[in-house]
Amino acid sequence: MADERWTVITGASSGIGAEMARVFAGRGAPLLLTARREDRLAALKAELSPSVRVETVALDLERPDGADRLVAAVEERGIVVHTLVNNAGFGFQGRFATLPYAEQAAMVELNVTSLTRLCRLVLPGLLERRRGGIINLASTASFQAVPFMAVYAATKAYVLSLSEALHEEARRSGVVVTAVCPGATATEFTKRADMETSKLFANAMDAATVARLAVEGYEAGRAVVITGAANAAMTLASRLVPRGLTRRAAAWLQR
Ligand SMILES: NC(=O)c1ccc[n+]([C@@H]2O[C@H](COP(=O)([O-])OP(=O)(O)OC[C@H]3O[C@@H](n4cnc5c(N)ncnc54)[C@H](OP(=O)(O)O)[C@@H]3O)[C@@H](O)[C@H]2O)c1
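(A) Fine view of the overall build of the protein chain. Assigned secondary structure in the protein chain consists of nine helices and nine strands. Here the protein chain has a C-alpha radius of gyration of 17 Å; the compact-globule value for 255 residues is 18 Å, and the two agree. Long-range pairs, those at least 24 residues apart, make up 66% of the contacts in the protein chain between residues at least 6 apart in sequence.

Listed below in structure tokens is the structure:
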């Protein structure tokens, strides 16, 4: 299986992760898909497996041993990873001082700790083989503080910073690390984040377009992919205007 371009996708049971699976399957890549909901993974496997080989592993990446268990499952199957997509993540809207700490800690565990551990476990092999890479899901929220979504935005700022640094460390190695920064995208994210009525999602992009742009950007060797012209313009503006203004605008949009 060493010559096959296996792609491991976390958070593949819905939204952007499921659409990334469809994009990679369209390129003939065998897939290892993971998330907690086994029934969703099985349905996606049934959809895609006529054309590509699909393995599924149901596990919880909020658990401290989640990333290690995933890599053990990859190794047990004799899979050599070509591309790792760290897509699993969630957000939660509300005031920092009153949101349950358990949710905030789980967000850090999944969006930051588990993602970092997976990068650390997979990157040495990629560098040794001098091919493939990692796609990390950051966000347009990575570019500024977001009041009323403080921990989520901070986790995504971390993902962007880490990914950009790894991209440079891997320069000229044949390995690409790409941070993907979607803006509002129509997925199940809004349900878990308690944002189903948020004005931010009024013109949300569709997950299939976001996934296609993400994979195309990774294949082009880009360090950062901001999905959609409006999102690119917004993040550029947030870097040009004073930080005080961007955080007050972000607070207004979240209210
Ligand atoms: N939608 C947006 O507007 C938006 C914008 C910017 C960035 N993003 C980022 O894009 C990524 C994908 O989100 P999405 O919008 O596609 O949301 P989604 O539809 O809710 O998908 C999230 C995925 O993560 C998985 N997941 C959640 N908790 C997990 C856990 N503890 N262990 C393992 N898997 C877990 C979910 O599967 P199970 O529930 O089955 O475990 C699901 O497959 C996230 O990192 C998100 O922060 C989204």
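Once the structure has been displayed, the description carries forward.
(B) Local environment of the sheet that holds strand β6 (residues 176-181). Sheet architecture is open: seven strands sit in the order β3-β2-β1-β4-β5-β6-β9, paired in parallel fashion. The open sheet has two edge strands with one neighbour each: β3 (54-58) and β9 (224-226). Between one strand axis and the next, the sheet turns through 15° on average, direction left out of account. In the sheet, β6 pairs with β9 via three bridges, with the strands oriented parallel. Bridge pairing in β9 places cysteine 181 opposite isoleucine 226. The sheet contacts of helix α7 (residues 207-219) involve β5 (133-137), β6 and β9, and relative to β6 the element is tilted by about 150°.

(C) The nonpolar core, seen in detail. Met20, Ala21, Leu31, Leu33 and Ala214 are the most contacted members of the largest nonpolar core, which has 65 residues in total. Examining the composition of this core, we find that eight residues originate from one element, helix α4 (residues 101-129), more than from any other. Not counting residues up to four positions away in its chain, the partners in contact with leucine 33 are Ile9, Ala12, Ala21, Leu41, Leu44, Lys45, Val54 and Thr56.

(D) Looking closely at helix α1 (residues 15-26). Under the 1.5 Å per step criterion, the end-to-end length of α1 is 17 Å for 12 residues, consistent within 8% with the ideal 16 Å. Counting buried positions along α1 gives nine out of 12 residues, so the element sits mostly inside the fold. Every buried residue belonging to α1 is among Gly15, Ile16, Gly17, Ala18, Glu19, Met20, Ala21, Phe24 and Ala25, and all of these are buried. Once α1 finishes, glycine 28 follows within two positions and takes phi at roughly 85°, a positive value.

(E) Seen up close, helix α5 (residues 150-169). Relative to the 28 Å expected for 20 residues at 1.5 Å per residue, α5 spans 29 Å between its end C-alpha atoms, a close match to the ideal helical length. If you check which residues of α5 are buried, you get Val151, Tyr152, Ala153, Thr155, Lys156, Val159, Leu160, Ser163, Leu166 and His167. Here the buried face of α5 lies against α4, β5 and β6.

(F) Fine view of the packing of helix α3 (residues 66-76) against α4. Contact pair α3 / α4: the axes reach a minimum separation of 8 Å and the direction vectors enclose 35°. Judged by the twist between their axes, the crossing of α3 over α4 is right-handed. Facing Gly66, Ala67, Leu70 and Val71 of α3, the residues of α4 in contact are Ser114, Arg117, Leu118 and Leu121. Residues of the contact of α3 with α4, tallied by class, amount to five nonpolar, two polar and one charged.

(G) Inspection of the pairing of β5 at higher detail. With five of five residues buried, β5 lies mostly within the body of the structure. Neither face of β5 is open: one carries Gly133, Ile135 and Leu137, the other Ile134 and Asn136, and all of them are buried. Pairing of strand β4 (residues 81-86) with β5, which is carried by four bridges, proceeds in the parallel orientation. Bridged to leucine 84 within β5 is isoleucine 134. As a crossover connection, the stretch from β4 through α4 into β5 is right-handed.

(H) Spatial organisation of the pairing of β3. Sheet topology places strand β2 (residues 31-35) next to β3; five bridges connect them, and they run parallel. Residue pairing for β3: leucine 32 is matched across the bridge by glutamate 55. Traced from β2 through helix α2 (residues 38-48) to β3, the parallel crossover comes out right-handed.

(I) Summary view of the environment of proline 147. Tracing the sequence through the fold places proline 147 in the loop between β5 and α5. Each C-alpha atom of the pair proline 147 and tyrosine 218 lies 30 Å from the other, and the pair is 71 residues apart in sequence. Here proline 147 is in contact with Arg247, Ala250, Ala251 and Gln254, once residues within four sequence places are set aside.

What counts, and at which threshold
Residues numbered from 1 in each chain as written. Predicted model: local features only at pLDDT ≥ 70, side-chain atom pairs only at ≥ 80, totals over all residues. Helix = DSSP H or I, 4+ residues; strand = E, 2+ residues; numbered from the N terminus. Rg over C-alpha atoms; globule rule 2.2 N^0.38 Å. Contact = placed C-beta atoms within 7 Å. Pairing = 2+ DSSP bridges. Axes fitted to C-alpha atoms, helices over the stretch in contact; angles between N-to-C directions. Core = buried A, V, L, I, M, F, W, Y, C linked by C-beta atoms within 7 Å. Buried ≥ 20, exposed ≤ 12 C-beta atoms within 10 Å, placed from the backbone. Expected span 1.5 Å × (residues − 1). Left-handed = near helix turned anticlockwise from the far one by under 90°. Nonpolar A, V, L, I, M, F, W, Y, C, P; charged D, E, K, R; others polar. Right-handed = clockwise from strand over helix to strand, strands pointing away.

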